[in-house]
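Structure at a glance
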Amino acid sequence: MEKYYQPEVETASVEELRKMQSERLVNQVKNVWENVPFYKNKMIEAGLTPDDIKSVDDLHKLPFITKDDLRDCYPYGLLARPLKDCVRIQSTSGTTGRRVVAFYTQHDIDLWEECCARAITAVGGTNEDVCHVSYGYGLFTGGPGLNGGSHKVGCLTLPMSSGNTDRQIQFMTDLGSTILCCTPSYAAYLGESIQERGLRDKIKLKAGIFGAEAWTEEMRHDIEEKLGIKAYDIYGLTEISGPGVSFECSEQTGMHVNEDHFIPEIINPKTGEVLPEGEKGELVFTSITKEAFPLLRYRTRDICVLSRKKCSCGRTLIKMAKPMGRSDDMLIVKGVNVFPSQIETVLLNKGYPANYQIIVDRVNYSDTIEVQVEMTPEMFSDDMKVVSAKEKELVDALKAMLGIYAKVTLVAPKTIARSEGKAVRVIDKRNLYK
Amino acid sequence: MAVKQISVFIENKAGSLAKLTEVLSANNINMRALSVAESEDFGIIRLIVDNVYDTVTVLKDEGYVSSVKDVLAVALTDEPGSLSKVLAVLGENNINIDYMYAFTANKPGTANMIVRVEDNKKAGDVLKANGISEIGEEDLTKM
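Fair warning: this is a prediction, and the values are worked out from it, not measured in the lab. Throughout this document, residue positions are counted from 1 along each chain, in the order its sequence is written. Lettering for chains starts from A, numbering for ligands starts from 1, and both go in the order in which the items are written. In keeping with the predicted nature of the model, local features appear solely for residues at pLDDT of at least 70, side-chain atom pairs appear and are counted solely at 80 or more, and the whole-chain, interface and lining totals rest on all residues. By convention in this description, side-chain values take in all heavy atoms of the structure and omit both hydrogens and water.

1. Regarding the overall build of chain A
Helix and strand definitions here come from DSSP, where helices need a minimum of 4 consecutive H or I residues and strands a minimum of 2 consecutive E residues; each element is numbered from the N-terminal end. Regarding its fold elements, chain A presents 11 helices and 23 strands. The principal-axis extent of the C-alpha atoms belonging to chain A is close to 70 × 60 × 45 Å. Three labels apply to residues, based on accessible area from a 1.4 Å probe with only protein chains included: buried if under 20% of the type maximum, exposed if over 50%, partly exposed otherwise in between. The buried share among the 434 residues of chain A stands at 58%. By definition in these notes, contact holds between two residues if any of their heavy atoms fall within 4.5 Å. Taking all contacts inside chain A whose residues are at least 6 apart in sequence as the whole, residues at least 24 apart take part in 66%. Computed by Shrake-Rupley with a 1.4 Å probe, the accessible areas treat only the displayed protein chains as cover when residues are assessed. Accessible surface, chain A: about 17,800 Å² in total, of which carbon and sulfur atoms supply 51%. Under the convention used here, Asp and Glu are negative, Lys and Arg are positive, and both His and the chain ends fall outside the count. Charge positions come from single atoms, namely NZ of Lys, CZ of Arg, CG of Asp or CD of Glu. Treating the 55 positive side-chain charges of chain A as one cloud and the 61 negative ones as another, the clouds have centres 1 Å apart.

Here's what the structure looks like:
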């Protein structure tokens, strides 16, 4: 028997949903017009006033907002509520170093956690469960989001955070974790570690909610087999709230979008034109209920498809496919957003030439990122200590910029492949989008 | 006095050193000494050659990153204890050695050391005061 966290929304008729969306959109547009000069100016430029937005049918008239806009408005430019009403900040990386900071009122935290609670309930979670959250905690939304959702459902919540696999497995066996939340690559790694230790019989896991990075069906089967669970996908982004923007149900054929809070659209990334349901394009979200940091028509750069096809789980919320790629050059490494431009910024700041190559791979279920830099006479010395110290300095600067370790490899001059004079910047060996 | 040492960057990959020595050989450059310092992904090759100018030009033409550095060269009598004496003198005078390597030439009974220190002049003076003589660029050409 399928369980829902908020059945009145999750199984509402399409008409009810649209009515709800229209009312909320109209209010949100008024809200940003009155409280966020950035939106007001953009609307004026587009020849719009709030009166032009009467229902979801008018959504397409609104201008888009992009990650570059978020960067330009950093930190308070998009705030729609006074800071005294905000209770939380979460953050993710921006395109060129300046981070994206998202603000939340208590209302915003609640709706985000409710979205995560829907996801946990959809995988069978109840107050009888022990929910083991191995996403990172802190500025990253993974840990806090699922943690909050788990509380709302009433699960016994284990805020493990990431890393320390031995302790993860010990808590899992000793405390009987039943639902695991982490990145799919860490789930696969945990599965392998549990098998190696011969502890498969000692764990009580039944389901896992895995997101923050792309994964294939093959990986799903691998995780399900290793851990003896059902593995479910979850999608989200800090700009919109965090994990739980959409979530998978028992059918495991795409993720239901919490469209009572976030209206999805698919557009042609080149022209901006809205595409009909079922066509592949760039996913755009409008947050219609958020108070502090509402985004109208935010371009996610994820390439995706939406489908309103009837789902066997009984939910009527529209479904999105797993993202099939990106319309920009963003990479997701260990669940962290990485832009080649961030790496280029570090190299140029440190006086290195812009001849570099980024190699992303997945070794033993864990993402690796390597930055190859061509050696120059300025960097070179007869003394290994000097060269190694420069290499280390670069590694530290990349870590500070990206938030994750990137291996630096110094290579011989002119060895990085160039096509038509411009270097091929990224080699992603993971083949995640099939 | 000091002699000129050429350092060359190569990747830590099978065949890279062979390629470098082929380039030198093809250009008729003779090596007096060679030493390798390696990290996980690259190596620094240090060379003492008969013709510094030609070597640097050839390396540049072939796309190598290289640098030239003055290093100390000393001749030792080929007998037990002679290196110890040099090291003791440097140590007593608080001169730290970054790296060193040895080579022999066609002069029987003599071993040669290349020593990389911060201050060549100071190290040279200290050695001289203790009766240890440096080899200069001219001595090398004669080898």
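2. Topic: the sheet that holds strand β11 (residues 281-287) of chain A
Residue and element names in this part refer to chain A. Strand order in this open sheet of 4 strands is β10-β11-β12-β15, and the pairing throughout is antiparallel. Looking at which strands have only one partner, the edges of the open sheet turn out to be β10 (262-267) and β15 (325-326). When DSSP finds two or more bridges between two strands, those strands count as paired. Pairing of strand β12 (residues 298-304) with β15 involves 2 bridges; the strand directions are antiparallel. Bridging from a neighbouring strand, Ile-303 pairs with Gly-325 of β15.

3. Thoughts on the packing of aromatic side chains
Stacked, edge-to-face and tilted are the three classes for Phe, Tyr and Trp ring pairs, Trp counted by its six-membered ring, which pair at centre distances within 6.5 Å; planes under 30 degrees apart are stacked, over 60 edge-to-face, the rest tilted. Within the structure shown, the criterion is met by 10 aromatic pairs over all chains. Measuring from centroid to centroid gives 6.2 Å for Tyr-235 of chain A and Phe-285 of chain A, while their planes differ by 35 degrees, and the two rings are tilted. Within this pair, whereas Tyr-235 of chain A is found in strand β7 (residues 230-237), its partner Phe-285 of chain A is found in strand β11, the two being separated by 50 residues in sequence. By relative accessible area, Phe-285 of chain A is classed as buried at 0%. Taking the centre distance of 6.2 Å and the plane angle of 85 degrees together, the rings of Phe-380 of chain A and Phe-9 of chain B count as edge-to-face. Separated into two different chains, Phe-380 of chain A in the loop between β19 (366-374) and α11 (384-402) and Phe-9 of chain B in strand β1 (residues 3-11) make up a pair that spans both. This pair shows no difference in class: Phe-380 of chain A is buried, exactly as Phe-9 of chain B is.

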